[in-house]
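# Residue-level structural notes
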Amino acid sequence: MLQEIFDRRSVRHYTEEPVTRDQLTEMLRAAMNAPSAKNCQEWRFVVITDRATLDRISEIHPFAKMMLQAQAAILVSCDMDLAFTDGHGYLDCGAAIENLLLEAVHQGLSTCWCGIAPMVDRISNFRMEFELPGNLVPMGIVAVGHAQQSRDRKDQYDPEKVVWWKS
């Protein structure tokens, strides 16, 4: 599993091999099993497999050009009416996205997470594109597909960023 975690790096070039509904469902299952403050589970998901919509995402998000090749995407939003606090909504959706990314690796898929919130223009663009009500804040969108090429393992552990307290 550790090797899989190291291999979970952002991928921006995908093959045309389809992503199955079962694979996407397992990714969503993992996301919905993430921890959330007071078990609010305020995350909401939109699964996108329509080619025209995936292409449109590359136009409304400045760093989402990989959507032109991705076979699917998952938009993660926070229902702020349910969040313990706004800040917890960001944290909880981030945990859900990380679980989603890890399950994608387990499914043999590759991903790229593109942040939306707190950028006001991006929030507005995604609300309009996906007709989201005002209580839903789009937090991020994840491109999903099969990597065009494998990548070498990269371990980013940096002991200089760690303090061992009273050890």
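Anyway, here's the lowdown on the structure attached to this text. (Residues numbered from 1 in each chain as written. Predicted model: local features only at pLDDT ≥ 70, side-chain atom pairs only at ≥ 80, totals over all residues. Heavy atoms only, no water.)

## Description of the overall build of the protein chain
Put simply, the rule is: Only DSSP runs of H or I reaching four residues or more are called helices, and only runs of E reaching two or more are called strands; each is numbered from the N terminus. Think of it in three bands: with a 1.4 Å probe and only protein chains considered, a residue is buried below 20% of the maximum accessible area for its type, exposed above 50%, and partly exposed in between. The contact rule is simple, with two residues in contact once any of their heavy atoms fall within 4.5 Å. Only the protein chains shown count as cover for residues, with accessible areas throughout obtained via the Shrake-Rupley method and a probe of 1.4 Å.
In terms of regular secondary structure, the protein chain is built from 5 helices and 4 strands. Taken from the N to the C terminus, the helices and strands of the protein chain come in the order α-α-β-α-β-α-β-α-β. Principal axes of the C-alpha set define a box for the protein chain whose edges measure 50 × 40 × 30 Å. Looking at the 167 residues of the protein chain, the share that counts as buried comes to 43%. By sequence separation, contacts in the protein chain at least 24 residues apart represent 76% of the contacts at least 6 residues apart. For the protein chain, the exposed area adds up to about 9,700 Å²; of that, 52% sits on carbon and sulfur atoms.

## Quick notes on unusual backbone geometry
Note that the residue after Ala-117, namely Pro-118, is joined by a cis bond; omega there is 10°. Within the secondary structure layout, Pro-118 lies in the loop between strand E3 (110-115) and helix H5 (120-129). Backbone geometry at Gln-41 places phi at a positive 45°, although glycine is not the residue there. Position of Gln-41 relative to the elements: it lies in the loop between helix H2 (21-32) and strand E1 (43-48). For Glu-131, which is not glycine, the phi dihedral falls at a positive 50°.

## Brief notes about the pattern of salt bridges
Defined as follows: Throughout this description, the term salt bridge denotes a Lys or Arg side-chain nitrogen within 4 Å of a carboxyl oxygen of Asp or Glu.
In the structure shown here, the tally under the stated rule is 4 salt bridges. When the shortest N-O distance is used, the salt bridge between Glu-26 and Arg-29 registers 3.3 Å. One end of the pair is Glu-26 and the other is Arg-29, both in helix H2 and 3 residues apart, which spans about a single turn. Given a relative accessible area of 29%, Glu-26 falls into the partly exposed group. On the basis of relative accessible area, Arg-29 is assigned to the partly exposed category, the value being 47%. Residues participating in the shared-partner salt-bridge network are Arg-56, Glu-59 and Glu-129.

## Thoughts on H5
Under the convention used in this document: Directions pointing from the helix axis toward each C-beta atom define the arc.
Among all positions of H5, only Arg-122, Ile-123 and Phe-126 are buried. All buried residues of H5 project into a common sector of 100° when viewed along the axis, lining one side. In H5, those exposed residues whose orientation departs by more than 90 degrees from the buried face are Val-120 and Met-128. The inward-facing, buried residues of H5 abut helix H3 (51-60), strand E2 (72-79), E3 and strand E4 (136-145). With its phi angle positive at about 50°, Glu-131 sits one or two positions after the end of H5.

## Observations concerning the packing of aromatic side chains
Two aromatic rings, taken as a pair, are described by how far apart their centres are and by the angle between their planes. Quick reminder of the rule: Working definition: rings of Phe, Tyr and Trp (its six-membered ring) pair if their centres are within 6.5 Å, and the pair is stacked with planes under 30 degrees apart, edge-to-face with planes over 60 apart, and tilted otherwise.
Within the structure shown, the criterion is met by 1 aromatic pair. Geometrically, the ring pair formed by Phe-126 and Phe-130 is stacked, given 6.2 Å between the ring centres and 10° between the ring planes.

## Regarding the sheet that holds E2
How we decide: DSSP-based pairing: two strands are paired if at least 2 bridges between them are found. Here the axes come from fitting lines to C-alpha atoms, over the contacting stretch only for helices, and the angles between their N-to-C directions go from 0 to 180 degrees.
The strand order E1-E2-E4-E3 describes an open sheet built from 4 strands, whose pairing is antiparallel. Looking at which strands have only one partner, the edges of the open sheet turn out to be E1 and E3. The sheet shows a mean angle of 20° between the axes of neighbouring strands, taken without regard to direction. With 6 bridges connecting them, E1 and E2 associate as antiparallel partners. Across the sheet, residue Ile-48 finds its bridge partner in E2, namely Ala-73. Contacts from H2 reach E1, E2, E3 and E4, with the element oriented near 165° to E1.

## Examining the nonpolar core
Put simply, the test is: Among the buried residues, those of types Ala, Val, Leu, Ile, Met, Phe, Trp, Tyr and Cys that are joined through side-chain atoms within 4.5 Å form a nonpolar core.
Residues Phe-45, Ile-57, Met-67 and Ile-141 are the most contacted members of the largest nonpolar core, which totals 48 residues. Broken down by secondary-structure element, the contributors of at least two residues to this core are H2, E1, H3, E2, helix H4 (86-106), E3, H5 and E4. At 7 residues, the largest contribution of residues to this core is made by E4. Ignoring any residue separated from it by four or fewer positions in sequence, one finds Ile-141 in contact with Ile-48, Ile-57, Met-67, Ala-73, Ile-74, Leu-75, Cys-112, Trp-113, Cys-114, Ile-116 and Phe-126.

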